[in-house]
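Architecture and fold: a report
Spelled out, the chains give:
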Amino acid sequence: MAPELVQLRLVTLYLTERCNSRCVSCDYWRHGRQDMALATVQQLLPGLKALGVEQVLLSGGEPLLHPHWVEMATLLRAQGLKLWLLTAGLALAKQLDDVARHVEQVTVSLDGATAASYARIRGLDAFEVVCAGVRAAVRAGLPVTLRVTVQRGNVAELPALVRLAHGLGVNGISFLAADVAHDEAFGRQAPAPDGVALRPEDLPLLAASLDAIEQTHADDLAGGFIAESPAKLRRIEAHARARLGLGPLTAPRCNAPAHSAVIEADGRLRPCFFIGGTQRLGAGGLEAALNAPAERRLRAAIAAGAQAACERCVCAKWFAPA
Ligand code: SF4
Ligand code: SF4
């Protein structure tokens, strides 16, 4: 059994399964109904404090769609927690006052460098709306970063996305491979559609994009404007090759389940984005749920490399010692 968790660095809350975006890789917008109850956040508060949680990531679905997100943010901030908002950005300009008042850091998912590629990937003609929201958040003094999921529709645009990030005035950009391997992730009720995963003919485009980033954005890589190291960016390529049967699948370095937790809109716990947990938040609060024997056995199995999900993972996280 894994040791009891007595300290956590990061907790992710899926405030809602609903979303106002229409991404091809995700089904929350089709099937998502559940909002997190205010009572769930209240139930979480003692555990967040006892576990010394530093930061809460507000995610979903689109967290800004939750009708009570401001009340939830107020409760969390009253505990001294720092809030990080992960948003599709469609409602950012409209809700900017509340966002600026309650959130320390914003990450906007922006998968296309042009209106056409944005619409292709995210299913909406809303590129300019999102860019306007990002600019407004930057003007308001918020630290904003962009997050790009690399997929068929943008594989040739990665350097253009770095240029876009500079043009919007954000603090940085990060890239991760779009997940197509976990059928149950992103609210999916069926495997990810065909147009997301890279095909063999996309591999040279990806390699050219990564070459161009290394050649023309060396300062951005060295200075951290691009969050990933060159080696980590090349892992996106290795992952795509492995998915196509052209190389080995290897589990990335990850200790996310030992330092963070994900809580779904209905109160279910997950040790990370891609592995379902065994517990639901109950009367015993967060510590009791995290340290239930079944949850500890699950963390032990993950740490021992016994979870196939890890080999296919696109979103591993390594928490360095505090
Ligand atoms: S990937 Fe994110 S932004 Fe896109 S539909 Fe799903 S929850 Fe919404
Ligand atoms: S490698 Fe991925 S699937 Fe495995 S524990 Fe880490 S985040 Fe979860």
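Residues numbered from 1 in each chain as written. Chains lettered and ligands numbered in written order. Predicted model: local features only at pLDDT ≥ 70, side-chain atom pairs only at ≥ 80, totals over all residues. Heavy atoms only, no water.

Observations regarding the site of ligand 1
- For ligand 1, the full set of nearby residues is Cys19, Ser21, Cys23, Cys26, Tyr28, Trp29, Gly61, Ala88 and Arg122.
- Tallied by class, the residues present in the shell around ligand 1 amount to six nonpolar, two polar and one charged. (Near = heavy atom within 4 Å. Nonpolar A, V, L, I, M, F, W, Y, C, P; charged D, E, K, R; others polar.)

Comments concerning the side chain of arginine 296
- If you trace the backbone, arginine 296 turns up in helix α13 (residues 293-303).
- Looking at arginine 296, its side chain comes within polar contact range of the main-chain oxygen of alanine 2, at 2.8 Å.
- In contact with arginine 296, not counting residues within four places along its chain, are Met1, Ala2, Pro3, Glu4, Leu290 and Asn291. (Helix = DSSP H or I, 4+ residues; strand = E, 2+ residues; numbered from the N terminus. Polar contact = N/O pair within 3.5 Å; in protein donor to acceptor, adjacent residues only side chain to side chain. Contact = heavy atoms within 4.5 Å.)

With respect to the packing of aromatic side chains
- One pass over the full model with this rule turns up two aromatic pairs.
- The ring of phenylalanine 319 has lysine 317 sitting right over it, with the charged end atom 4.9 Å from the ring centre. (Phe/Tyr/Trp six-rings, centres within 6.5 Å; stacked < 30°, edge-to-face > 60°. Lys NZ or Arg CZ within 6 Å of the ring centre and 35° of its normal.)

Quick look at the nonpolar core
- Core analysis: the biggest nonpolar cluster contains 78 residues, and Leu76, Ile173, Phe175 and Leu286 have the highest contact counts within it.
- Other than its neighbours up to four places away in sequence, isoleucine 173 contacts Leu146, Val148, Leu161, Val162, Ala165, Phe225, Ile226, Ala227 and Glu228.
- Grouped together as the second largest cluster of nonpolar side chains are six residues, Cys272, Ile275, Leu298 and Cys310 included. (Core = buried A, V, L, I, M, F, W, Y, C linked by side-chain atoms within 4.5 Å. Buried < 20%, exposed > 50% of the residue type's maximum accessible area, 1.4 Å probe, protein only.)

Let's talk about the sheet that holds strand β8 (residues 269-270)
- Taken in spatial order, the eight strands make up an open sheet running β6-β5-β4-β3-β2-β1-β7-β8, and their pairing is mixed. Edge positions in the sheet fall to β6 (172-177) and β8, since each of these pairs with one other strand and no more.
- Judged from the two bridges that link them, strand β7 (residues 260-263) and β8 form a sheet pairing that is antiparallel. Paired with valine 262 across the strands is arginine 270, a residue of β8.
- Relative to the sheet, helix α6 (residues 127-139) contacts β4 (105-109) and β5 (144-150), its axis offset from that of β5 by approximately 150°. (Pairing = 2+ DSSP bridges. Axes fitted to C-alpha atoms, helices over the stretch in contact; angles between N-to-C directions.)

A look at helix α8 (residues 203-216)
- Taking 1.5 Å as the rise per residue, α8 with 14 residues should run 20 Å; its terminal C-alpha atoms sit 20 Å apart, in good agreement.
- Residues of α8 that are buried: Leu203, Leu206, Ala207, Ser209, Leu210 and Ile213. With its buried residues spanning 160° around the axis, α8 presents them on a single face. Along α8, exposed side chains directed more than 90 degrees from the buried face belong to Pro204, Gln215 and Thr216.
- On its buried face, α8 sits against β5, α7 (158-168), β6, α9 (218-223) and α10 (230-243). (Expected span 1.5 Å × (residues − 1). Arc of directions from axis to C-beta.)

Some words on the pairing of β4
- The element β4 is extensively covered by neighbouring structure, given that four of its five residues are classed as buried.
- One ladder, built from four bridges, connects strand β3 (residues 82-87) with β4; its direction is parallel. Paired with threonine 87 across the strands is valine 108, a residue of β4.
- Read as a crossover between parallel neighbours, the route from β3 over helix α4 (residues 96-102) to β4 is right-handed.
- Where β4 lies against β5, four bridges are found, and the strand directions are parallel. If you follow threonine 107 over to β5, its bridge partner there is threonine 145. (Right-handed = clockwise from strand over helix to strand, strands pointing away.)

Describing the side chain of histidine 66
- Residue placement: histidine 66 occurs in the loop between β2 (55-60) and α3 (69-78).
- Histidine 66 gets classed as buried once you look at its relative accessible area, which sits at 4%.
- A distance of 2.9 Å separates a polar atom in the side chain of histidine 66 from the backbone nitrogen of histidine 68.
- The residues contacting histidine 66, other than those within four sequence positions of it, are Leu15, Thr16, Arg18, Asp35, Met36 and Met72.

Some details on the pairing of β6
- Counted residue by residue, β6 has six buried out of six residues, so it is predominantly covered.
- Of the two faces of β6, the one lined by Gly172, Ser174 and Leu176 and the one lined by Ile173, Phe175 and Ala177 are each fully buried.
- Pairing of β5 with β6, which is carried by six bridges, proceeds in the parallel orientation. Note on β6: the bridge partner recorded for leucine 146 is isoleucine 173.
- Handedness of the crossover joining β5 and β6 through α7 is recorded here as right-handed.

Details of the packing of α7 against α8
- At a closest axis distance of 8 Å, the pairing of α7 and α8 adopts a crossing angle of 40°. When the interaxial angle is binned, α7 and α8 end up oblique. In this structure, α7 uses Leu158, Pro159 and Val162 to contact α8, whose residues at the interface are Leu206, Ser209, Leu210, Ala212 and Ile213.
- For the contact of α7 with α8, the per-class residue count stands at seven nonpolar, one polar and no charged. (Parallel < 35°, antiparallel > 145°, perpendicular 65-115°, else oblique.)

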